[in-house]
Amino acid sequence: MSKFEGVHVSDHWLQSQFTQVQLRSLKSKFTSSKNQNGEVTASDLPVLLAKLKPFSEMFKESEITNLLSKSGVDMSNGIDFEGFLRAYLNLHSQAAARSGNSNNSFLKATTTTLLHTIDESEKESYVAHINSYLRDDPFMKQFLPIDPATNALFELARDGVLLCKLINVAVPNTIDERAINTKRVLNPWERNENHTLCLNSAKAIGCTVVNIGNQDLVEGRPHLVLGLISQIIKIQLLADLNLRKTPQLVELVEDNNDVEELMGLAPEKVLLKWMNFHLKKAGYKKPVTNFSSDLKDGEAYAYLLNVLAPEHCSPDTLDTKDPTERANLVLEHAEKMDCKRYLAPKDIVEGSTNLNLAFVAQIFHQRNGLSTDNKKVSYAEMMTDDEEMSRDERCFRLWINSLGISSYVNNLFEDVRNGWTLLEAVDKVSQGSVNWKHATKPPIKMPFRKVENCNQVIKIGKQLKFSLVNVAGNDFVQGNKKLILAFLWQLMRFNMLQLLKNLRSRSSLGKEITDADILKWANKKVKNTGRMSQMESFKDKNLSNGIFFLELLSAVEPRVVNWNLVTKGESDEEKKLNATYIISIARKLGCSIFLLPEDIMEVNQKMILMLTASIMYWSLLQSTDDSESSPSSVAASPAPSVNGDDGSEFSIGAEITNLSIDDGASDTTVSSTQENNDTLLQ
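The rules behind these values
Residues numbered from 1 in each chain as written. Predicted model: local features only at pLDDT ≥ 70, side-chain atom pairs only at ≥ 80, totals over all residues. Heavy atoms only, no water. Helix = DSSP H or I, 4+ residues; strand = E, 2+ residues; numbered from the N terminus. Buried < 20%, exposed > 50% of the residue type's maximum accessible area, 1.4 Å probe, protein only. Contact = heavy atoms within 4.5 Å. Areas by Shrake-Rupley, 256 points an atom, 1.4 Å probe, with all protein chains shown as cover. Salt bridge = Lys/Arg side-chain N within 4 Å of Asp/Glu carboxyl O. Core = buried A, V, L, I, M, F, W, Y, C linked by side-chain atoms within 4.5 Å. pLDDT = per-residue confidence, 0-100. Patch = residues over 30% accessible without salt bridge, like charges linked within 9 Å, V, L, I, M, F, W, Y side chains within 5 Å. Lys, Arg positive; Asp, Glu negative; His and termini not counted. Charge placed at Lys NZ, Arg CZ, Asp CG, Glu CD. Axes fitted to C-alpha atoms, helices over the stretch in contact; angles between N-to-C directions. Parallel < 35°, antiparallel > 145°, perpendicular 65-115°, else oblique. Left-handed = near helix turned anticlockwise from the far one by under 90°. Phe/Tyr/Trp six-rings, centres within 6.5 Å; stacked < 30°, edge-to-face > 60°. Lys NZ or Arg CZ within 6 Å of the ring centre and 35° of its normal.

Trainee: Lay out the overall build of the protein chain with the relevant residues and their values.
Mentor: A count of helical and extended segments in the protein chain gives 33 helices and zero strands. Looking at the protein chain residue by residue over its 682 residues, the buried ones come to 55%. Counting only contacts in the protein chain whose residues sit at least 6 apart along the sequence, the fraction spanning at least 24 positions is 66%. Surface summary for the protein chain: the accessible area is close to 29,600 Å², and the carbon and sulfur share equals 48%.

Trainee: Explain the pattern of salt bridges to me, using residue names and the numbers behind them.
Mentor: Applying the stated criterion to the full structure yields 26 salt bridges. Notably, a salt bridge pairs R86 with E82, separated by 3.9 Å at the nearest N-O pair. Here R86 pairs with E82, and both are found in helix α6 (residues 81-99), just four residues apart, close to one helical turn. Between D515 and R493 there is a salt bridge, and its shortest N-O distance comes to 3.1 Å. Here D515, found in helix α28 (residues 515-528), pairs with R493, found in helix α27 (residues 481-503); they are 22 residues apart in sequence, far enough to count as distant. Shared partners join several salt bridges into a network, and the residues in it are D137, K165 and E177.

Trainee: Please provide a residue-by-residue account of unusual backbone geometry, values included.
Mentor: Here the amide bond leading from L144 into P145 is cis, since omega sits at 0 degrees, within 30 degrees of zero. With respect to the helices and strands, P145 occurs in the loop between α8 (120-133) and α9 (152-156). The residue after P442, namely P443, is reached through a cis peptide bond having omega 0 degrees. Looking at the secondary structure, you find P443 in the loop between α24 (420-429) and α25 (447-463). Although it is not a glycine, N173 adopts a positive phi angle of roughly 70 degrees. Here N173 shows up in the loop between α10 (161-170) and α11 (188-203).

Trainee: Outline the nonpolar core, listing residues and values.
Mentor: In terms of nonpolar packing, the biggest core is built from 172 residues, with L228, L271, W274, M275, I363 and F487 touching the most fellow members. It is α27 that contributes the most residues to this core, 13 residues altogether. If you look at the next biggest cluster of nonpolar residues, it comprises 26 residues, including V7, L45, I79 and F81.

Trainee: Describe the confidence of the model for the protein chain, listing the residues and the values that go with them.
Mentor: In this model, the protein chain carries an average pLDDT of 82, and 81% of its residues clear a pLDDT of 70 or more. Of the regions scoring below 50 in pLDDT, residues 100-115 engages in 33 contacts with residues more than four places distant in sequence or in other chains.

Trainee: Kindly report on a negative patch on the surface, identifying the contributing residues and their values.
Mentor: Taken together, the side chains of D316, D319, D322, E325 and E332 make up a negatively charged region of the molecular surface. Broken down by secondary-structure element, the contributors of at least two residues to the negative patch are α17 (316-319) and α18 (323-336). Here D319 shows up in helix α17. Relative accessible area serves as the criterion here: at 52%, D319 is assigned to the exposed category.

Trainee: So what about the packing of α28 against helix α32 (residues 605-622)? Which residues, and what values?
Mentor: Following both chains from N to C, one finds α28 and α32 inclined at 65 degrees, their axes separated by 10 Å at the closest point. In terms of axis orientation, α28 runs roughly perpendicular to α32. α28 and α32 meet at a crossing whose hand is left-handed. Contacts between α28 and α32 involve D515, I518, W521, A522 and K525 from the first element and L609, T612, A613, I615, M616, S619 and L620 from the second.

Trainee: Tell me about the side chain of R397, and please be specific about residues and values.
Mentor: If you trace the backbone, R397 turns up in helix α22 (residues 387-402). The contacts of R397, once residues within four sequence positions are left out, are V409, N410, N411 and L412.

Trainee: How would you sum up helix α29 (residues 547-556)? Please name residues and give values.
Mentor: Here α29 lies mainly inside the structure; ten of its ten residues are buried. All of the buried residues along α29 are I547, F548, F549, L550, E551, L552, L553, S554, A555 and V556.

Trainee: Tell me about the packing of aromatic side chains, residues and numbers included.
Mentor: Taken as a whole, this structure holds twelve aromatic pairs when the rule is applied. Residues Y301 and F359 carry aromatic rings whose centres are separated by 5.0 Å and whose planes lie at 65 degrees to one another, so their mutual orientation is edge-to-face. One end of the pair, Y301, is in helix α16 (residues 299-308); the other, F359, is in helix α20 (residues 353-366), with 58 residues separating them in the sequence. Geometrically, the ring pair formed by F476 and F487 is edge-to-face, given 5.6 Å between the ring centres and 65 degrees between the ring planes. Here F476, found in helix α26 (residues 473-477), pairs with F487, found in helix α27; they are eleven residues apart in sequence, far enough to count as distant. When sorted by exposure, F476 lands in the same class as F487, which is buried. Among the aromatic side chains, those forming a connected cluster through ring pairs are F466, F476, F487 and F494. A cation over a ring is seen here: K27 above F81, with NZ or CZ 4.7 Å from the ring centre. The residue whose ring lies beneath R178 is Y581, and the NZ or CZ to ring-centre distance is 5.0 Å.

Trainee: Quick rundown of α16? Include the residues and the values.
Mentor: Among all positions in α16, only A300, Y301, A302, L304, L305 and L308 are buried. For α16, the secondary structure elements touched by its buried residues are α15 (267-282), α17, α18, α19 (345-350) and α20.

Trainee: Describe the environment of P345, and please don't skip the residues or the numbers.
Mentor: Relative to the assigned elements, P345 resides in helix α19. Sequence separation between P345 and N328 is 17 residues; the distance between their C-alpha atoms is 5.2 Å.

Given below as structure tokens:
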């Protein structure tokens, strides 16, 4: 199982400035800079720091040398890891001073958590949300209600159960609750399993968890726990703001040609568009462009609620001159509509973005005020994708968002059309492959610049030996869904095969790993346990009952499967129970996967391959734990992801020794072939 001790620093204050993921990444970089004597000197720091992403665009090596000298660092002496961390924080503060704005893009790109604060209003709101939605949960009700005036929320989050339950509230059935360890007192392994399950499941619903690790949750770090809870609740509240869930949203556009544009908007933008749609009908003159300053005076809320629920309106709301009093009347009006109170009057007046967004989303859920024009609704339903394409879109969208790139994908087919997001994803998977001098960053006004970006994506794909016959950059710009999905599948598969290749790079001379290798490994693992199940191919219909994958998971970690919970998989209901259980226990081990139970039940060839490869990657990674030269540099936060989103840039693969694809057998030497791609693209 995954380790849980983390990277420790003797100075508690210094350790508190970093997450475990960040410490692990920095420790790896520091260790790799040691000289033949096993030391790092202060004179090595400028070269090391200048290569780090937060500083590479702001400082030259000579500038870093001068800044460190001025701060009192003796450049002739050796330096330990803690000294390196202090130098890092010092340079961070210099960068912040130079930029002159703590909210700029530079600080968003840094890896430290120096500037974290806790918003007590948000904390109180999220506690109220948890108390409301989990009060009837059979296990959680013994700990509720949580007192928002204390740190009980963060203490309760330390076992991982609360966060897992909250994810299921946001997106029902994401986690099979049979896989959650729910004893009142958990041992460290069980706690670590819960957090691994939580983080991998959070990624699978769209949360960004790049800088959050298991140890951070075990320690109950307030700013990280609250940040994760905020994302989960936001996903829950915005879940219906799309045409698939609410086709009535098509009323927001005047022309059918604008429907595609609406489909490409982020949920927050759709919510603003919905709000302005009703404000315009109500006669409100000022457009609302954000959930902060534009709502501070409360007038927009008053107009919105008056048009949605005129039966509860009061002239006093607009007549009063005191913004706080108006905000209070707005909240009273909303309560009469049965809206949950996510914020206090002062939160409206102070312009709390997160709480205002939650409040507007709650109003939308209670009464969206949209018509049920059958003609328009039918057109909106026609515009949505078929189920299988929708599942693939979901999988690749979540996978891209898990990579830790700067862009966030809300609608895959719309957001990749400018080519920039694809370039970012490609560069994460094949580092250094993108020529950024020939790329154009959004917003892109000139169409040919989008084509240039996409042409470079195609060019790199061909260099990586993807199957891209008769595919041009303009196909992506035009939003060809089939070709976009085909490219992303090959990119995702390439990423996984490269990770597996890296794990045995030293022992097997970096031989290519193929689908046949993965199939052979899985069958051998199960066979070695004495079980008879075998997988003929990744489209073997016998896989639909889930038994083979349960036996494979049990083979790589015997204690992870509770066979009392496994069904025979004879009916569709039994197959779904098994499939849901498989996904959750795989995530509990540390597999970062994005498939749905239906993908197993229907034996979706692509997703079956990724599931098997993810289990293989985790298993091989565990077999190397004892041979790691620096165990603390890879300890547990979170369990290594198949996407490299732990900040370590796959560096762990370079440290593997004495590893072969069959955990001892060295006869798997099949070379990579184009047929693997072509078969799975059919």
